[in-house]
Amino acid sequence: MNYEPKGLYLEEFEIGKVYISQARTITEADVINFAGISGDFNVLHTNEEFAKSGPFKERVAHGMLGASVMTGLSNMLGIFDGTTIAFLELTIRYKNPLRIYDTVHLEVETLDKHDTSKPGRGIVNFMARLVNQKGVIIIESPWTIMMKSGK
């Protein structure tokens, strides 16, 4: 059986359009599992008593956990499914802490796009934002992604 891509091709991305994902809640299990996978057992994430005296007055989730969740939520959008060639670049700007039990969603805005010198592909620049249940931006991240072109 052949796989049929469901994602958008380069020319289908509309400048200024914002794609919004479903939401998910960051759980205690997410934080513990991420600490185990990454090896990041920083006390801001793992020690409630220490965290109470820290800048956030409670434990917070890893910033990189938030960035990782962004990629998962982007996959759930479906716009990249089978039409992404390469994730070329991203910058992560941590705007606010990601708190345990925050319910977050992803907003991906198409900023610009252009063909490359090789046929059948192009570059799309996005602004991706991880936003919590209060509308607060947790992470802002410019993404550069090489996409297939239908041309």
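As a starting point, this report considers the structure included with it. Everything quoted here is computed from the prediction, not taken from an experiment.

## Looking at the side chain of Ser149
(1) Moving on: Within the secondary structure, Ser149 is located in the segment after strand E7 (137-148).
(2) Moving on: Within the local environment of Ser149, its side chain forms a polar contact with the side chain of Glu11, the two groups lying 2.9 Å apart.
(3) Moving on: Look past the residues within four positions of Ser149 in its chain and what remains in contact with it is Tyr9, Leu10, Glu11, Gly120 and Arg121.

## Some details on unusual backbone geometry
(1) Moving on: The phi torsion at Lys57 lies on the positive side, around 65 degrees, for a residue other than glycine.
(2) Moving on: Looking at where Lys57 falls in the secondary structure, it is placed in the loop between helix H3 (48-52) and helix H4 (63-77).
(3) Moving on: Overall, Lys57 belongs to the exposed group, its relative accessible area being 56%.
(4) Moving on: Although it is not a glycine, Tyr101 adopts a positive phi angle of roughly 85 degrees.
(5) Moving on: Here Tyr101 is to be found in the loop between strand E4 (93-94) and strand E5 (103-115).

## Some words on helix H1 (residues 28-38)
(1) Moving on: If you check which residues of H1 are buried, you get Asp30, Val31, Phe34 and Ala35. Buried residues along H1 cover an arc of 130 degrees about the axis, so they all sit on one side.
(2) Moving on: Looking at the buried positions of H1, the neighbouring elements they touch are strand E2 (24-25), helix H2 (43-46) and H4.

## Brief notes about the nonpolar core
(1) Moving on: Counting 29 residues, the largest nonpolar core has Phe13, Ile26, Phe126 and Trp143 as its most contacted members.
(2) Moving on: Breaking this core down by element, the ones donating at least two residues are H1, H4, E5, strand E6 (121-131) and E7.
(3) Moving on: Excluding anything up to four places from it in sequence, Ile26 contacts Val31, Ala61, Leu65, Val69, Leu98, Arg99, Ile100, Tyr101, Asp102 and Val104.

The rules we used
Every chain is numbered on its own, with residues counted from 1 as its sequence reads. Local features in this predicted model are restricted to residues whose pLDDT is 70 or higher, and side-chain atom pairs enter the listing and the counts only when it is 80 or higher, whereas totals over whole chains, interfaces and linings include all residues. Side-chain metrics in this entry use all non-hydrogen atoms of the structure; hydrogen atoms and water are not considered. Numbering of helices and strands starts at the N terminus; helices are DSSP runs of H or I of at least 4 residues and strands are runs of E of at least 2. Here a polar contact is taken to be a pair of N or O atoms separated by no more than 3.5 Å, where protein atoms must pair a possible hydrogen donor with a possible acceptor and residues adjacent in sequence count only if both atoms sit in side chains. We call two residues contacting when some pair of their heavy atoms lies within 4.5 Å. Exposure is judged per residue with a 1.4 Å probe applied to protein chains only, and the accessible area is read against the type maximum: over 50% gives exposed, under 20% gives buried, and values in between give partly exposed. Of all possible arcs, the one meant is that of the directions from the helix axis to the C-beta atoms. Residues belong to one nonpolar core when they are buried, are Ala, Val, Leu, Ile, Met, Phe, Trp, Tyr or Cys, and are joined through side-chain atoms within 4.5 Å.

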